[in-house]
Amino acid sequence: ERVRLIGADTPETKHPRKPVQYFGKEASMFTANMVEGKKVRLEFDQNQRDRYKRLLAYAYLEDGTFLNAEIIKQGYGHAYTKFPFKYMNEFRQYEREARIRKRGLWK
């Protein structure tokens, strides 16, 4: 089953009615490279599923890397703050830092 990473909004690559967005392929490759062939521990927040029945989770790699946060820190996505979540303030700060350092989307 696929997982929707809580708090991380990456550019579209597979939307049926939208073209691939700027930096979408890079973001998708970054995420795939981070998790492929690795064990991932999922942690859940208030809701385990969204209105589309997608599984919502925080993902942690075996080495302790917090995938949701790393995507934002490296500039591969925005902090998705439409709905409240446990790490909202931290993710907003990670996005600000990525913008200042001109990482990923903000190069």
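Attention here is on the structure that accompanies the text. (Residues numbered from 1 in each chain as written. Predicted model: local features only at pLDDT ≥ 70, side-chain atom pairs only at ≥ 80, totals over all residues. Heavy atoms only, no water.)

### With respect to the layout of surface pockets
Right, on to step 1. The computed volume of the largest pocket comes to approximately 1,800 Å³.
Right, on to step 2. Lining the largest pocket we find 44 residues, and of these Val3, Arg4, Leu5, Ala8 and Arg54 sit closest to its centre.
Right, on to step 3. Within the residue set of the lining of the largest pocket, elements represented by two or more residues are strand E1 (3-5), strand E2 (8-9), helix H1 (24-35), strand E3 (40-43), strand E4 (55-61) and helix H2 (67-73).
Right, on to step 4. Considered class by class, the residues forming the lining of the largest pocket number 21 nonpolar, 10 polar and 13 charged. (1 Å grid on protein atoms, 1.4 Å probe; cavity = no way out; pocket = protein on both sides within 12 Å on 5 of 7 lines; lining within 4 Å. Points joined across faces, edges and corners; volume = space filled by probe spheres on them. Helix = DSSP H or I, 4+ residues; strand = E, 2+ residues; numbered from the N terminus. Nonpolar A, V, L, I, M, F, W, Y, C, P; charged D, E, K, R; others polar.)

### Observations concerning the pattern of salt bridges
Right, on to step 1. Within the structure shown, the criterion is met by five salt bridges.
Right, on to step 2. Residue Arg54 pairs with Asp50 through a salt bridge whose shortest N-O separation is 2.6 Å.
Right, on to step 3. Judged by relative accessible area, Arg54 falls into the partly exposed class, the value being 40%.
Right, on to step 4. Of the charged contacts in the structure, one is a salt bridge between Glu95 and Arg99, with a shortest N-O distance of 2.9 Å. Here Glu95 pairs with Arg99, and both are found in helix H3 (residues 88-100), just four residues apart, close to one helical turn.
Right, on to step 5. Using a relative accessible area of 12% as the deciding quantity, one classes Glu95 as buried.
Right, on to step 6. Its relative accessible area of 39% is what places Arg99 among the partly exposed residues.
Right, on to step 7. Ionic contacts of the salt-bridge type, sharing partners, join the residues Arg41, Glu43 and Lys86 into one network. (Salt bridge = Lys/Arg side-chain N within 4 Å of Asp/Glu carboxyl O. Buried < 20%, exposed > 50% of the residue type's maximum accessible area, 1.4 Å probe, protein only.)

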